[in-house]
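Each chain is listed here by its residues.
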Amino acid sequence: MKLPESTAPSLFDRKAVLLHRARAQDDALFLHRTALDEVQDRLSMVNKAFTAPAVVTPFPQLWTDSFSNAAIIADDDVLALQPGTHDLVIHAMALHCANDPVGQLIQCRRALKPDGLLLVVSLGGETLHELRAALGQAEIEVAGGLSPRIAPMAELRDLGGLLQRAGLALPVADAVPLTAEYRDIWHLMRDLRDMGETNALSARVKHPTKRTVFEAAQRIYADHFTADSSRLAATFELICLTGWSPDDSQPKPLRPGSAQMRLADALHTKEGKLPD
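Right, let's walk through the structure included here. (Residues numbered from 1 in each chain as written. Predicted model: local features only at pLDDT ≥ 70, side-chain atom pairs only at ≥ 80, totals over all residues. Heavy atoms only, no water.)

### Description of the overall build of the protein chain
So the rule is basically this: Only DSSP runs of H or I with at least four residues qualify as helices, and only runs of E with at least two residues qualify as strands; both kinds are numbered from the N terminus onward. The classification of residues rests on relative accessible area computed with a 1.4 Å probe and restricted to protein chains. Under 20% of the type maximum is buried, over 50% is exposed, and intermediate values are partly exposed. Here the open area of atoms and residues is found with the Shrake-Rupley method and a 1.4 Å probe, where only the protein chains shown may cover a residue.
In terms of helices and strands, the protein chain carries eight helices and six strands. Secondary structure elements of the protein chain, listed N to C terminal, follow the sequence α-α-β-β-β-α-β-α-α-β-α-α-β-α. Within the span of the protein chain, comprising 276 residues, buried residues form 45% of the whole. A total of about 15,200 Å² of accessible surface is found on the protein chain, and carbon and sulfur atoms cover 54% of it.

Right under this line is the structure:
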(Lines give C-alpha, C1' and ligand atoms only; values in the text may rest on other atoms or scores of the structure.)
Protein backbone atom coordinates (compact mmCIF):
# COMPACT_ATOMS: atom_id res chain seq x y z
CA MET A 1 0.00 0.00 0.00
CA LYS A 2 1.41 3.37 -0.98
CA LEU A 3 1.67 5.86 1.85
CA PRO A 4 0.21 9.35 1.34
CA GLU A 5 2.59 12.13 0.50
CA SER A 6 3.89 13.97 3.55
CA THR A 7 2.31 17.34 4.32
CA ALA A 8 5.18 18.37 6.61
CA PRO A 9 6.85 21.71 5.75
CA SER A 10 9.92 21.35 3.56
CA LEU A 11 12.73 22.48 5.82
CA PHE A 12 15.21 20.93 3.37
CA ASP A 13 15.54 21.37 -0.38
CA ARG A 14 15.54 17.71 -1.41
CA LYS A 15 17.13 18.41 -4.81
CA ALA A 16 20.00 20.20 -3.09
CA VAL A 17 20.42 17.35 -0.60
CA LEU A 18 20.77 14.82 -3.43
CA LEU A 19 23.11 17.08 -5.42
CA HIS A 20 25.41 17.54 -2.43
CA ARG A 21 25.49 13.79 -1.77
CA ALA A 22 26.35 13.09 -5.40
CA ARG A 23 29.52 15.16 -4.93
CA ALA A 24 30.54 13.36 -1.71
CA GLN A 25 33.96 11.72 -1.53
CA ASP A 26 34.28 8.22 -0.08
CA ASP A 27 37.35 9.08 2.02
CA ALA A 28 35.41 11.87 3.78
CA LEU A 29 32.57 9.65 5.04
CA PHE A 30 34.14 8.98 8.44
CA LEU A 31 30.91 9.82 10.26
CA HIS A 32 29.03 7.15 8.32
CA ARG A 33 31.75 4.61 9.06
CA THR A 34 31.57 5.52 12.76
CA ALA A 35 27.80 5.02 12.58
CA LEU A 36 28.35 1.58 11.02
CA ASP A 37 30.71 0.66 13.87
CA GLU A 38 28.15 1.81 16.44
CA VAL A 39 25.40 -0.25 14.81
CA GLN A 40 27.55 -3.37 14.74
CA ASP A 41 28.57 -2.91 18.40
CA ARG A 42 24.97 -2.47 19.52
CA LEU A 43 23.68 -5.42 17.52
CA SER A 44 26.38 -7.61 19.05
CA MET A 45 24.80 -6.94 22.46
CA VAL A 46 21.29 -7.97 21.34
CA ASN A 47 20.52 -11.58 22.12
CA LYS A 48 18.64 -12.17 18.90
CA ALA A 49 19.48 -13.25 15.36
CA PHE A 50 18.08 -11.05 12.60
CA THR A 51 17.27 -12.73 9.30
CA ALA A 52 15.39 -10.04 7.37
CA PRO A 53 17.16 -6.70 7.87
CA ALA A 54 16.72 -3.44 5.97
CA VAL A 55 19.05 -0.43 5.94
CA VAL A 56 17.85 3.07 5.12
CA THR A 57 20.92 5.00 3.97
CA PRO A 58 22.05 7.68 1.53
CA PHE A 59 25.34 5.81 0.95
CA PRO A 60 24.49 2.14 0.29
CA GLN A 61 28.04 1.12 -0.65
CA LEU A 62 29.14 1.50 2.98
CA TRP A 63 26.55 -0.98 4.26
CA THR A 64 26.34 -3.76 1.69
CA ASP A 65 29.53 -5.55 2.82
CA SER A 66 28.48 -5.68 6.47
CA PHE A 67 24.79 -6.41 5.76
CA SER A 68 24.93 -8.46 2.58
CA ASN A 69 21.45 -9.93 3.13
CA ALA A 70 19.80 -6.58 3.87
CA ALA A 71 17.37 -4.66 1.70
CA ILE A 72 19.10 -1.33 1.02
CA ILE A 73 16.57 1.51 0.97
CA ALA A 74 17.03 5.13 -0.09
CA ASP A 75 15.99 7.74 2.47
CA ASP A 76 13.21 9.18 0.32
CA ASP A 77 10.24 10.96 1.90
CA VAL A 78 8.25 7.78 1.26
CA LEU A 79 10.45 4.80 2.09
CA ALA A 80 10.33 1.72 -0.15
CA LEU A 81 9.60 -0.56 2.80
CA GLN A 82 6.90 -3.22 2.84
CA PRO A 83 4.76 -3.43 6.01
CA GLY A 84 5.56 -6.26 8.42
CA THR A 85 8.51 -7.54 6.37
CA HIS A 86 11.66 -6.95 8.43
CA ASP A 87 12.87 -8.03 11.87
CA LEU A 88 15.51 -5.25 11.84
CA VAL A 89 15.45 -1.78 10.29
CA ILE A 90 18.53 0.44 10.50
CA HIS A 91 18.01 4.13 9.69
CA ALA A 92 21.55 5.32 9.06
CA MET A 93 22.66 8.96 9.14
CA ALA A 94 19.69 10.47 7.30
CA LEU A 95 17.13 11.48 9.92
CA HIS A 96 18.84 14.83 10.54
CA CYS A 97 18.00 15.97 6.99
CA ALA A 98 14.47 14.53 6.78
CA ASN A 99 11.57 16.92 6.30
CA ASP A 100 9.34 14.61 8.37
CA PRO A 101 11.46 12.67 10.89
CA VAL A 102 8.43 11.32 12.76
CA GLY A 103 7.01 10.05 9.48
CA GLN A 104 10.30 8.31 8.74
CA LEU A 105 10.19 6.49 12.08
CA ILE A 106 6.53 5.55 11.64
CA GLN A 107 7.28 4.05 8.23
CA CYS A 108 10.16 2.06 9.74
CA ARG A 109 7.95 0.82 12.57
CA ARG A 110 5.28 -0.31 10.10
CA ALA A 111 7.92 -2.26 8.19
CA LEU A 112 8.86 -4.25 11.30
CA LYS A 113 7.52 -7.64 12.25
CA PRO A 114 6.28 -7.99 15.84
CA ASP A 115 9.24 -7.70 18.23
CA GLY A 116 11.39 -6.31 15.43
CA LEU A 117 14.13 -3.79 16.20
CA LEU A 118 14.56 -0.27 14.84
CA LEU A 119 18.06 1.15 15.25
CA VAL A 120 18.63 4.79 14.23
CA VAL A 121 21.90 6.72 14.06
CA SER A 122 21.61 10.42 13.31
CA LEU A 123 23.45 13.67 13.86
CA GLY A 124 22.29 15.46 17.02
CA GLY A 125 21.94 19.00 18.30
CA GLU A 126 25.55 19.49 19.47
CA THR A 127 26.83 18.91 15.94
CA LEU A 128 28.86 21.88 14.63
CA HIS A 129 27.76 24.15 17.46
CA GLU A 130 31.12 25.93 17.18
CA LEU A 131 30.64 26.69 13.48
CA ARG A 132 27.06 27.79 14.08
CA ALA A 133 28.16 30.26 16.77
CA ALA A 134 31.10 31.62 14.78
CA LEU A 135 29.15 32.13 11.55
CA GLY A 136 26.21 33.66 13.39
CA GLN A 137 28.36 36.20 15.21
CA ALA A 138 30.32 36.96 12.04
CA GLU A 139 27.16 37.69 10.06
CA ILE A 140 25.90 40.00 12.79
CA GLU A 141 29.21 41.89 12.75
CA VAL A 142 29.62 42.13 8.98
CA ALA A 143 26.08 42.05 7.55
CA GLY A 144 23.99 43.15 10.53
CA GLY A 145 21.79 40.03 10.54
CA LEU A 146 21.56 36.25 10.38
CA SER A 147 20.77 33.82 7.55
CA PRO A 148 20.05 30.04 7.73
CA ARG A 149 23.39 28.27 7.31
CA ILE A 150 23.42 25.17 9.53
CA ALA A 151 20.36 22.97 9.83
CA PRO A 152 18.69 22.81 13.26
CA MET A 153 19.26 19.34 14.69
CA ALA A 154 17.18 17.71 17.39
CA GLU A 155 18.43 17.24 20.94
CA LEU A 156 18.80 13.81 22.54
CA ARG A 157 15.64 14.09 24.65
CA ASP A 158 13.54 15.25 21.69
CA LEU A 159 14.72 12.37 19.49
CA GLY A 160 13.98 9.87 22.26
CA GLY A 161 10.43 11.22 22.40
CA LEU A 162 10.02 10.61 18.67
CA LEU A 163 10.37 6.86 19.24
CA GLN A 164 7.31 6.87 21.49
CA ARG A 165 5.37 9.07 19.08
CA ALA A 166 6.13 6.52 16.36
CA GLY A 167 4.58 3.74 18.48
CA LEU A 168 7.79 1.89 19.39
CA ALA A 169 8.23 0.01 22.65
CA LEU A 170 11.20 -0.03 25.05
CA PRO A 171 12.73 3.18 23.60
CA VAL A 172 16.36 4.02 24.38
CA ALA A 173 18.33 7.09 23.27
CA ASP A 174 21.95 7.96 23.90
CA ALA A 175 24.67 10.13 22.38
CA VAL A 176 28.19 9.53 21.09
CA PRO A 177 30.19 12.81 20.95
CA LEU A 178 33.06 13.06 18.47
CA THR A 179 35.59 15.84 17.96
CA ALA A 180 37.53 16.48 14.76
CA GLU A 181 40.24 19.11 14.25
CA TYR A 182 40.80 21.38 11.26
CA ARG A 183 43.46 23.85 10.11
CA ASP A 184 40.93 26.63 9.63
CA ILE A 185 37.28 27.24 8.84
CA TRP A 186 37.83 26.74 5.10
CA HIS A 187 39.32 23.30 5.76
CA LEU A 188 36.20 22.41 7.81
CA MET A 189 33.82 23.63 5.13
CA ARG A 190 35.66 21.68 2.42
CA ASP A 191 35.34 18.56 4.56
CA LEU A 192 31.60 19.16 4.98
CA ARG A 193 31.29 19.52 1.21
CA ASP A 194 33.14 16.23 0.70
CA MET A 195 30.78 14.59 3.23
CA GLY A 196 27.77 15.81 1.23
CA GLU A 197 26.64 17.80 4.28
CA THR A 198 26.71 21.40 3.10
CA ASN A 199 23.75 23.75 3.49
CA ALA A 200 20.59 22.37 1.86
CA LEU A 201 18.00 24.34 3.81
CA SER A 202 15.10 25.52 1.69
CA ALA A 203 15.47 29.02 3.17
CA ARG A 204 19.23 29.22 2.61
CA VAL A 205 20.76 32.29 1.01
CA LYS A 206 21.43 31.43 -2.62
CA HIS A 207 23.85 34.24 -3.49
CA PRO A 208 27.59 34.11 -2.71
CA THR A 209 28.61 35.11 0.81
CA LYS A 210 31.13 37.92 1.27
CA ARG A 211 34.59 36.66 2.10
CA THR A 212 34.69 39.11 5.00
CA VAL A 213 31.97 37.03 6.72
CA PHE A 214 34.17 33.92 6.62
CA GLU A 215 37.24 35.89 7.67
CA ALA A 216 35.35 37.18 10.71
CA ALA A 217 34.03 33.66 11.42
CA GLN A 218 37.60 32.29 11.28
CA ARG A 219 38.73 34.88 13.85
CA ILE A 220 35.80 34.18 16.18
CA TYR A 221 36.19 30.42 15.83
CA ALA A 222 39.92 30.58 16.59
CA ASP A 223 39.32 32.84 19.60
CA HIS A 224 36.77 30.55 21.24
CA PHE A 225 37.11 26.98 19.92
CA THR A 226 40.80 26.21 19.47
CA ALA A 227 42.02 22.76 20.57
CA ASP A 228 45.27 22.14 22.43
CA SER A 229 46.87 21.41 19.07
CA SER A 230 46.11 25.02 17.98
CA ARG A 231 43.71 23.66 15.34
CA LEU A 232 39.97 24.35 15.28
CA ALA A 233 37.83 21.83 17.18
CA ALA A 234 34.56 20.73 15.56
CA THR A 235 31.97 18.66 17.42
CA PHE A 236 29.89 15.96 15.76
CA GLU A 237 27.25 14.30 17.93
CA LEU A 238 25.86 10.91 16.91
CA ILE A 239 22.47 10.13 18.45
CA CYS A 240 21.66 6.42 18.69
CA LEU A 241 18.01 5.40 19.05
CA THR A 242 16.59 1.92 19.58
CA GLY A 243 12.99 0.84 19.81
CA TRP A 244 11.02 -2.36 19.31
CA SER A 245 7.86 -3.12 17.42
CA PRO A 246 5.30 -3.93 20.15
CA ASP A 247 4.76 -7.60 20.93
CA ASP A 248 3.07 -9.52 23.77
CA SER A 249 6.36 -11.26 24.59
CA GLN A 250 8.03 -8.02 25.65
CA PRO A 251 8.34 -7.06 29.34
CA LYS A 252 5.60 -4.77 30.60
CA PRO A 253 5.84 -2.22 33.42
CA LEU A 254 4.06 -3.23 36.63
CA ARG A 255 0.84 -1.53 37.59
CA PRO A 256 1.48 1.27 40.14
CA GLY A 257 0.93 -0.02 43.67
CA SER A 258 1.38 -3.69 42.74
CA ALA A 259 4.83 -4.14 44.37
CA GLN A 260 5.09 -7.00 46.88
CA MET A 261 8.07 -5.57 48.81
CA ARG A 262 9.09 -2.15 50.13
CA LEU A 263 12.14 -0.64 48.39
CA ALA A 264 13.85 -0.11 51.76
CA ASP A 265 13.52 -3.83 52.55
CA ALA A 266 14.92 -4.83 49.16
CA LEU A 267 17.93 -2.55 49.73
CA HIS A 268 18.36 -3.72 53.35
CA THR A 269 18.23 -0.17 54.65
CA LYS A 270 16.05 1.90 56.93
CA GLU A 271 13.40 4.19 55.54
CA GLY A 272 13.53 7.73 56.87
CA LYS A 273 11.77 11.01 56.37
CA LEU A 274 13.13 13.67 54.07
CA PRO A 275 14.45 16.75 55.88
CA ASP A 276 12.16 19.77 55.91
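Additional details are given in the paragraphs that follow.
### So, the nonpolar core
For soluble globular proteins, the rule of thumb is that nonpolar side chains tend to be buried together. Operational definition: For this analysis, a nonpolar core means a set of buried residues of the types Ala, Val, Leu, Ile, Met, Phe, Trp, Tyr and Cys, connected via side-chain atoms within 4.5 Å. Contacts: residue pairs with any heavy atoms within 4.5 Å of one another.
Leu 43, Trp 63, Phe 67, Ile 90, Leu 131 and Phe 236 are the most contacted members of the largest nonpolar core, which has 49 residues in total. Every element with two or more residues in this core is listed here: α2 (30-44), β3 (86-92), β4 (112-123), α4 (129-143), β5 (169-182), α6 (185-195), α7 (211-224) and β6 (232-244). Ignoring sequence-local partners within four residues, the contact set of Leu 131 consists of Ile 150, Ile 185, Leu 188, Leu 192 and Tyr 221. Counting 21 residues, the second largest nonpolar core, distinct from the first, contains Leu 79, Leu 118, Val 120 and Ala 166.

### Here we look at unusual backbone geometry
A positive phi angle, close to 55°, is found at Leu 128, a residue other than glycine. Examined against the element boundaries, Leu 128 turns out to sit in the loop between β4 and α4. With phi around 75°, Ser 230 is a residue other than glycine that occupies positive phi space. The exposure class assigned to Ser 230 is exposed, which follows from its relative accessible area of 60%.

### Side note on the packing of aromatic side chains
Filter applied, for reference: Any two of the Phe, Tyr and Trp rings considered here, Trp counted by its six-membered ring, make a pair once their centres fall within 6.5 Å; the pair's planes then place it as stacked at under 30 degrees, edge-to-face at over 60, or tilted in between.
Using the criterion set out here, one finds three aromatic pairs in the structure. Where Trp 63 meets Phe 67, the ring centres are 5.9 Å apart and the plane angle is 35°; that geometry is what we call tilted. For Trp 63, a relative accessible area of 0% translates into the label buried. Classification of Phe 67 as buried rests on a relative accessible area of 9%. For the ring pair Tyr 221 and Phe 225, a centre distance of 5.6 Å and an interplane angle of 80° mean the geometry is edge-to-face. Under the relative-accessibility criterion, Phe 225 is labelled partly exposed at 22%.

### Structural notes on the packing of α6 against α7
Defined as follows: To obtain an axis, a line is fitted to C-alpha atoms, over the contacting stretch when the element is a helix, and the angle between two such axes runs from 0 to 180 degrees between their N-to-C directions. Every angle not falling under 35 degrees, over 145, or within 65 to 115 is termed oblique; those three ranges are roughly parallel, roughly antiparallel and roughly perpendicular. All amino acids are sorted into three groups, where Ala, Val, Leu, Ile, Met, Phe, Trp, Tyr, Cys and Pro are nonpolar, Asp, Glu, Lys and Arg are charged, and the leftover types, Gly among them, are polar.
It is the contact of α6 with α7, at a shortest axis distance of 9 Å, that shows an interaxial angle of 110°. Relative to α7, the element α6 lies roughly perpendicular. Together, Ile 185, Trp 186, Leu 188 and Met 189 of α6 and Arg 211, Phe 214, Glu 215, Ala 217, Gln 218 and Tyr 221 of α7 make up the contact between the two elements. Residues that form the contact of α6 with α7 fall into these classes: seven nonpolar, one polar and two charged.

### Side note on the layout of surface pockets
As a reminder, the rule being used: The way it works is a 1 Å grid over only the protein atoms, where trapped points that fit a 1.4 Å probe form a cavity and open points with protein on both sides within 12 Å along at least five of seven lines form a pocket, and then any residue with an atom within 4 Å of a point lines it. Grid points are joined across faces, edges and corners, and a volume is the space filled by probe spheres set on the points.
If you add up the space inside the largest pocket, you get close to 1,000 Å³. Lining of the largest pocket is provided by 42 residues; of these, His 20, Arg 149, Glu 197, Thr 198 and Asn 199 occupy positions nearest its centre. Put simply, the parts of the chain that give the lining of the largest pocket at least two residues each are α1 (14-22), α2, α4 and α6. The element best represented in the lining of the largest pocket is α6, accounting for six residues. Its residues assigned to classes, the lining of the largest pocket comprises 24 nonpolar, 10 polar and eight charged.

### Structural notes on the pattern of salt bridges
How we decide: Any Lys or Arg side-chain nitrogen located within 4 Å of an Asp or Glu carboxyl oxygen qualifies as a salt bridge.
Inspection of the entire model under this criterion finds 12 salt bridges. A salt bridge links Asp 75 to Arg 21, with the nearest nitrogen and oxygen atoms 2.8 Å apart. Of this pair, Asp 75 sits in the loop between β2 (71-73) and β3 while Arg 21 is found in helix α1, placing the two residues 54 residues apart along the sequence. Note that Arg 219 and Glu 141 form a salt bridge whose closest N and O atoms lie 2.7 Å from each other. Here Arg 219, found in helix α7, pairs with Glu 141, found in helix α4; they are 78 residues apart in sequence, far enough to count as distant. Residue Glu 141 is classed as partly exposed on the basis of its relative accessible area, which comes to 41%.

### What about the packing of helix α3 (residues 101-111) against helix α5 (residues 156-165)?
The condition that has to hold: By convention, the crossing between two helices is left-handed when the near helix turns anticlockwise from the far helix through less than a right angle, and right-handed when the turn is clockwise.
Interhelical geometry of α3 versus α5 gives an angle of 45° and a closest axis separation of 9 Å. Relative to α5, α3 is oriented oblique. Along this stretch, α3 crosses α5, giving a crossing that reads as right-handed. Judged by residue contacts, Pro 101, Val 102 and Leu 105 of α3 engage Leu 162, Leu 163 and Arg 165 from α5.

The values reported here are purely geometric and, on their own, carry no functional implication.
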